[in-house]
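Coordinate inspection notes
These are the residues of each chain, in order.
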Amino acid sequence: MRSRRGTSITTAHKSAAGHAARRFGVSLALVAVAAALRLWPLQILGPRLAWLTFYPAAALAAFLGGFSAGLFATALSSVAVVFVLPAVTGAPFIQDFADWLGMAVFVATCTMLSGFAGATHRARERKGRAEAERDRFFTLSLDMLCISNADGYFKRVSPAFTRTLGWSEEEMLTRPFLDFVHPDDREATLREVERQVSSGETVLHFENRYRHKDGSWRALSWKSVPQPGGFMYAIARDVTDQREAEERLRRYADEYQDLYNHAPCGYHSLDAQGRIVMMNDTELNWLGYTREEVVGKKTLPDLATPAGREIFDLHFPRLAAEGSIGDLEMEFVRKDGSVLPVSVSATVIRDGSGRFVATRTTTFDLRARKAAEDKIRGLNRDLELRAAQLEAANQELEAFAYSVSHDLRAPLRSLDGFSQILLGNYSSRLDEEGRDYLRRVRGGAQRMGQLIDDLLRLSRITRAAMTVEEVDLTALARSVAEELLERDPDRRAEVVVAEGLTALCDPRLLRVALDNLLGNAWKFTRNVPHTKIEVGSEPWDGDLAFFVKDNGAGFDMAYADRLFGAFQRLHAASEFEGTGIGLATVQRVIARHGGTIKAEAAPGQGATFRFTLPRPAAATGESGS
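Residues numbered from 1 in each chain as written. Predicted model: local features only at pLDDT ≥ 70, side-chain atom pairs only at ≥ 80, totals over all residues. Heavy atoms only, no water.

1. Overview of the pattern of salt bridges
- This structure, assessed with the given rule, holds 30 salt bridges.
- Here Asp336 makes a salt bridge to Arg334, at a shortest N to O gap of 2.8 Å.
- We classify Asp336 as exposed; its relative accessible area is 57%.
- Between Arg355 and Asp351 there is a salt bridge, with the nearest N and O atoms lying 3.1 Å from each other.
- Within the structure, one salt-bridge network assembled from shared partners comprises Glu247, Arg250, Arg251 and Asp254. (Salt bridge = Lys/Arg side-chain N within 4 Å of Asp/Glu carboxyl O. Buried < 20%, exposed > 50% of the residue type's maximum accessible area, 1.4 Å probe, protein only.)

2. Considering the sheet that holds strand β10 (residues 356–365)
- Taking strand neighbours across the sheet as the criterion, the 5 strands line up as β7-β6-β10-β9-β8 in an open arrangement whose pairing is antiparallel. In this open sheet, the two edge strands, each paired with only one partner strand, are β7 (276–279) and β8 (324–333). The sheet shows a mean angle of 30 degrees between the axes of neighbouring strands, direction not considered.
- One ladder, built from 8 bridges, connects β8 with strand β9 (residues 339–350); its direction is antiparallel. By the bridge assignment, Glu331 is partnered in β9 with Pro341.
- Against the sheet, helix α12 (residues 306–322) makes contact with β6 (266–270), β8, β9 and β10, and its axis sits at roughly 155 degrees relative to β8, the strand it touches most. (Pairing = 2+ DSSP bridges. Helix = DSSP H or I, 4+ residues; strand = E, 2+ residues; numbered from the N terminus. Axes fitted to C-alpha atoms, helices over the stretch in contact; angles between N-to-C directions. Contact = heavy atoms within 4.5 Å.)

3. Brief notes about the packing of aromatic side chains
- Using the criterion set out here, one finds 12 aromatic pairs in the structure.
- Between Phe154 and Phe177 the ring centres are 5.5 Å apart and the planes differ by 50 degrees, which places this aromatic pair in the tilted class. Of this pair, Phe154 sits in strand β2 (residues 154–157) while Phe177 sits in the loop between α6 (169–173) and α7 (186–199), and the two are 23 residues apart along the sequence. Of the two residues examined, Phe154 and Phe177, each falls in the buried class.
- Taken together, Phe154, Phe161, Phe177, Tyr210 and Trp222 form an aromatic cluster joined through their ring pairs.
- Arg175 extends its terminal NZ or CZ atom over the ring of Trp167, reaching a point 5.2 Å from the ring centre.
- Just above the ring of Trp522 sits the side chain of Arg491; from NZ or CZ to the centre is 4.3 Å. (Phe/Tyr/Trp six-rings, centres within 6.5 Å; stacked < 30°, edge-to-face > 60°. Lys NZ or Arg CZ within 6 Å of the ring centre and 35° of its normal.)

4. A closer look at the nonpolar core
- Counting residues in each nonpolar core, the largest one holds 35 residues, and the members touching the most others are Leu473, Leu518, Phe611 and Leu613.
- When residues of this core are traced back to their parent elements, those giving at least two are α15 (473–487), β13 (502–505), α16 (507–524), β14 (531–540), β15 (543–550), α17 (582–592), β16 (597–601) and β17 (607–611).
- Among the elements that line this core, the one with the most residues is α16, at 8 residues.
- In this structure, Leu473 is in contact with Leu501, Thr502, Ala503, Cys505, Leu510, Phe546 and Leu613, ignoring residues within four places of it in sequence.
- In terms of nonpolar packing, the next biggest core, distinct from the first, is built from 24 residues, Trp286, Leu300, Ile325 and Met330 among them. (Core = buried A, V, L, I, M, F, W, Y, C linked by side-chain atoms within 4.5 Å.)

5. Quick look at the sheet that holds strand β3 (residues 203–211)
- Strand order in this open sheet of 5 strands is β2-β1-β5-β4-β3, and the pairing throughout is antiparallel. Sheet topology places β2 and β3 at the edges, where each strand pairs with a single neighbour. In this sheet, neighbouring strand axes are inclined to one another by 30 degrees on average, regardless of whether the strands run parallel or antiparallel.
- Inspection of the sheet shows β3 paired to strand β4 (residues 217–227) by 7 bridges, in the antiparallel sense. Its bridge partner lying in β4, Phe206 is registered against Trp222.
- Here α7 sits on the sheet in contact with β3, β4 and β5 (231–238), set at roughly 145 degrees to β3.

Take a look at the structure:
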């Protein structure tokens with residue numbers, strides 16, 4: 001198969017051959033016409049003027065076909081004069097030396113005419129080819145080409161110009177080119193045009209913005225060469241995308257620089273000798289220096305305390321060898337002489353051959369941490385002091401509890417015992433009022449003993465060490481309920497405990513809390529026909545709470561703030577027995593576990609006590625009824 005290039009060459013050769021054939025054909029036709037004119041009706045000219053009709057033919061052939069066509073016509077004319085015409089007319093045209101001289105003049109003249117015509121023809125062809133090449137260059141160029149004049153109009157624009165800006169060629173040629181220029185760029189554009197026209201200087205670079213037909217603006221970069229007559233040949237490139245990329249790159253560089261300089265940590269870079277080659281504003285502000293005072297002029301040891309220099313001398317070689325180091329604490333000396341504690345981490349930048357180039361180093365200001373550590377040490381000292389004071393207070397409380405347990409119980413036992421003896425041995429000597437008084441004395445002594453027991457129990461709960469573990473509250477609550485039912489088997493009572501109740505707590509203390517909560521529920525439901533007590537769990541204030549609920553006497557919520565105070569009672573002692581210590585004890589137990597407890601009730605409608613405790617991660621709460 002013939003290649004495209006071969007086809008193109010063959011076509012070109014055929015075209016050239018056809019053009020040459022047409023030129024020589026025209027020459028032949030012109031000579032034939034000249035010969036015919038010579039025979040008729042110009043025979044009256046005579047043989048010596050035989051050349052007159054052939055001069056125009058040869059000259060015209062030369063001007064139409066060029067040098068070769070002119071010579072061909074000259075040769076044909078000579079043959080016609082010497083051989084063809086004498087054969088037709090019967091009379092020779094060459095009769096003497098003068099005729100041969102005339103023929104020589106004819107040949108020489110026509111040859112000169114052919115040479116001149118050939119040169120003119122070649123010049124015309126070169127100009128045509130040049131114009132064709134220019135037109136082709138204009139048409140195919142990817143750059144935007146234009147010709148403009150000092151009158152402010154485009155004289156010609158390339159297709160790339162219209163493709164880039166969206167305007168048609170007619171629109172661009174019929175409007176002043178300043179109409180397309182951004183208003184902010186018109187003055188500079190006009191100055192550039194005037195300078196170029198007046199000075200004739202070539203413009204190697206100039207930028208302005210041209211309006212696209214869709215209303216957007218395109219950035220163009222121009223090169224222009226002035227021509228005589230105020231013309232300008234210019235080439236432009238659309239650099240909008242390039243400028244946008246440069247602007248994005250500039251913004252990225254500004255953002256990076258801003259991030260580098262205003263980061264919450266310090267940054268610096270050291271060369272292989274430890275000289276500072278970069279440092280951000282954050283670290284410079286910490287140290288109190290300007291960049292000019294530090295970069296390229298100081299080494300890191302210059303900024304360190306003596307102890308910091310020892311740390312640098314020890315670890316910088318290791319950094320160079322291993323490539324990284326982290327969380328190294330050292331101290332710098334600020335410009336004002338104060339000390340700046342820092343934490344330093346660094347990595348090494350190496351070139352392609354592995355040689356040390358610089359470090360990437362971050363520093364963190366440890367002043368706040370050091371101050372916090374000092375504060376923590378002070379708080380620890382205060383805590384140790386308070387712990388010692390608390391230990392002393394506990395020891396005093398232990399001694400007081402011992403005194404209450406032993407010194408106060410003896411008089412109370414004596415008071416109760418002698419009252420019992422009086423009631424047993426001297427009852428007949430007393431009237432009913434006297435016996436009632438003695439019974440009241442005994443009751444007061446017994447209540448006092450119960451108060452002492454409750455106070456001691458509350459004291460022990462407050463001071464006792466805790467052992468926290470995962471506790472089955474379901475089993476614990478059922479154990480307490482079974483004891484209540486055993487002590488009062490005649491009660492019609494229903495105690496329901498939900499399955500799967502678990503908590504992280506001290507089982508001994510939680511037993512005390514449930515004893516009090518379930519005991520209260522048992523006590524305050526004794527006057528209802530059918531006792532119902534529930535123990536379970538439910539969502540409460542975004543948490544999961546345990547609850548103990550009863551259908552007993554309840555209480556007025558207006559007095560709920562007194563409920564968990566020691567010796568605070570919301571019911572008369574004659575109505576419900578008790579010392580008012582139980583709920584205070586429950587509150588202490590729950591608080592020691594980090595939980596909270598609240599009550600909700602209404603008179604005659606029962607009460608609900610909800611409390612929170614730490615729970616195992618896998619535990620789930622279920623309400624029971």
